[in-house]
Amino acid sequence: MSLRARVRRELARTNYAGRTVSLAEGAAVVAGTTAVLALAGRPREAGMVGGIGVLGLVDDLVEPHRRRADGAAPAKGLRGHLRALTRGEVTTGAVKVLGIPIIALVGVAPAGRPGPMTLVDGALVAGGANLVNLLDLRPGRALKVVLPLAAVLAVRGERAAPGPAPAAGGDGAAEGTARPRALARTALLAGGLALPADLREHGMLGDAGANALGALVGAAAVRTLPAPARVAALLAVAGLTLASERVSFSRVIDATPALHALDRIGRRAAPEPGAGA
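Small disclaimer: the values here were computed from a predicted structure and weren't measured.

Quick look at the overall build of the protein
Secondary structure summary: the protein contains 12 helices and 2 strands in total. Each helix and strand of the protein, ordered N terminal to C terminal, gives the series α-β-β-α-α-α-α-α-α-α-α-α-α-α. Counting all 277 residues of the protein, 43% fall into the buried class. Restricting the contact set of the protein to residue pairs at least 6 apart, pairs at least 24 apart contribute 79%. For the protein, the exposed surface amounts to about 13500 Å²; the carbon and sulfur share of it is 67%.

Now the structure itself:
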């Protein structure tokens, strides 16, 4: 088997409808967002988004091999990965649970003495990465959340751009606020390019793409919103994350007509039972 065919097989997944999709979409999102941020003069955010995306890609590629090797059922949710850790079992998901907050905190910490909002900002970036991943269960669903949020932050960042950047260690609004649009615009660009393949079920974000885009939107919020709004956003993200441990987002969406209709926009019809994908 050629190297190209082997890589293609490693990236192939079967989605909820039984169709074969590729995780190459998520890998491209990680590479593209990292490159765009680096070229835009945002090396700290580039490293943060790239590092978080790489952790997601490791989870995408390594965890299936580990499960096949030992026949273990996959650990699900935050509690599942932490429970596995208490048994001495280190899953790639547990590595993400520990690694993403650390990378996020380093990425948002201002130069010099960190301000009191640094922990909130790091948690918002890490929480955003996790929440978008939780939404990536149906074609286009995560992107339908990411794109409007990124658009709002891009507009707000454009209004905020002329003002001077606050000093590092102030209210926690991160350094580089004079150019807050770059982060939201990068999320818009990456999400917009990924959306057609995602809706057609040719590709999927996977942990890599979802974690990277979620972290990027979180970082855009950190660089753009005032402290009270960031605290409110973190509380909302934390509430949804905790709710996901007990309630299925897909079940709630399917049971809510407006959300179900929005979720279905642009998606292919699910195959009939017994029909080929």
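Thoughts on the environment of K96
Following the sequence through the fold, K96 ends up in helix 5 (residues 92-108). Taking the relative accessible area as the measure of exposure, K96 reaches 8% and is therefore buried. Those residues in contact with K96 that lie beyond four places of it in its chain are L55, G56, D59, P101, N133, D207 and N211. A polar atom in the side chain of K96 sits 2.8 Å from the side chain of D207.

As for helix 5
Here helix 5 spans 24 Å end to end across 17 residues, near enough to the 24 Å set by a 1.5 Å rise per residue. In the structure, helix 5 departs most strongly from a straight axis at G99, where the bend amounts to approximately 30 degrees and where the proline P101 lies between one and four residues downstream. Of all the positions in helix 5, only T92, G93, A94, K96, G99, I100, A104, G107 and V108 are classed as buried.

Overview of the layout of surface pockets
Here the second largest pocket is characterised by a volume of approximately 740 Å³. Lining the second largest pocket are 30 residues; nearest its centre among them are L131, L135, V145, L149 and L240. Those elements giving two or more residues to the lining of the second largest pocket turn out to be helix 6 (118-135), helix 7 (141-160), helix 9 (206-224), helix 10 (227-244), helix 11 (249-255) and helix 12 (257-264). A per-class count over the lining of the second largest pocket returns 23 nonpolar, 3 polar and 4 charged.

Description of the packing of helix 6 against helix 10
For the pair helix 6 and helix 10, interaxial distance at closest approach is 9 Å and the crossing angle is 40 degrees. It follows from the interaxial angle that helix 6 and helix 10 lie oblique. In this structure, the crossing between helix 6 and helix 10 has a hand that is left-handed. Within the contact between the two elements, helix 6 uses V120, D121, A123, L124, G127, G128, N130, L131 and L134 and helix 10 uses R230, V231, A233, L234, V237, L240, T241 and S244.

Side note on a nonpolar patch on the surface
On the surface, a nonpolar cluster with roughly 280 Å² of combined accessible area is contributed by V36, L189 and L193. By secondary structure assignment, the location of L193 is in helix 8 (residues 181-199). Here L193 falls in the exposed class, since its relative accessible area comes to 65%.

Thresholds, definitions, all that
Residues numbered from 1 in each chain as written. Predicted model: local features only at pLDDT ≥ 70, side-chain atom pairs only at ≥ 80, totals over all residues. Heavy atoms only, no water. Helix = DSSP H or I, 4+ residues; strand = E, 2+ residues; numbered from the N terminus. Buried < 20%, exposed > 50% of the residue type's maximum accessible area, 1.4 Å probe, protein only. Contact = heavy atoms within 4.5 Å. Areas by Shrake-Rupley, 256 points an atom, 1.4 Å probe, with all protein chains shown as cover. Polar contact = N/O pair within 3.5 Å; in protein donor to acceptor, adjacent residues only side chain to side chain. Expected span 1.5 Å × (residues − 1). Bend = angle between axes of the 7 residues up to and from the residue. 1 Å grid on protein atoms, 1.4 Å probe; cavity = no way out; pocket = protein on both sides within 12 Å on 5 of 7 lines; lining within 4 Å. Points joined across faces, edges and corners; volume = space filled by probe spheres on them. Nonpolar A, V, L, I, M, F, W, Y, C, P; charged D, E, K, R; others polar. Axes fitted to C-alpha atoms, helices over the stretch in contact; angles between N-to-C directions. Parallel < 35°, antiparallel > 145°, perpendicular 65-115°, else oblique. Left-handed = near helix turned anticlockwise from the far one by under 90°. Patch = residues over 30% accessible without salt bridge, like charges linked within 9 Å, V, L, I, M, F, W, Y side chains within 5 Å. Salt bridge = Lys/Arg side-chain N within 4 Å of Asp/Glu carboxyl O.

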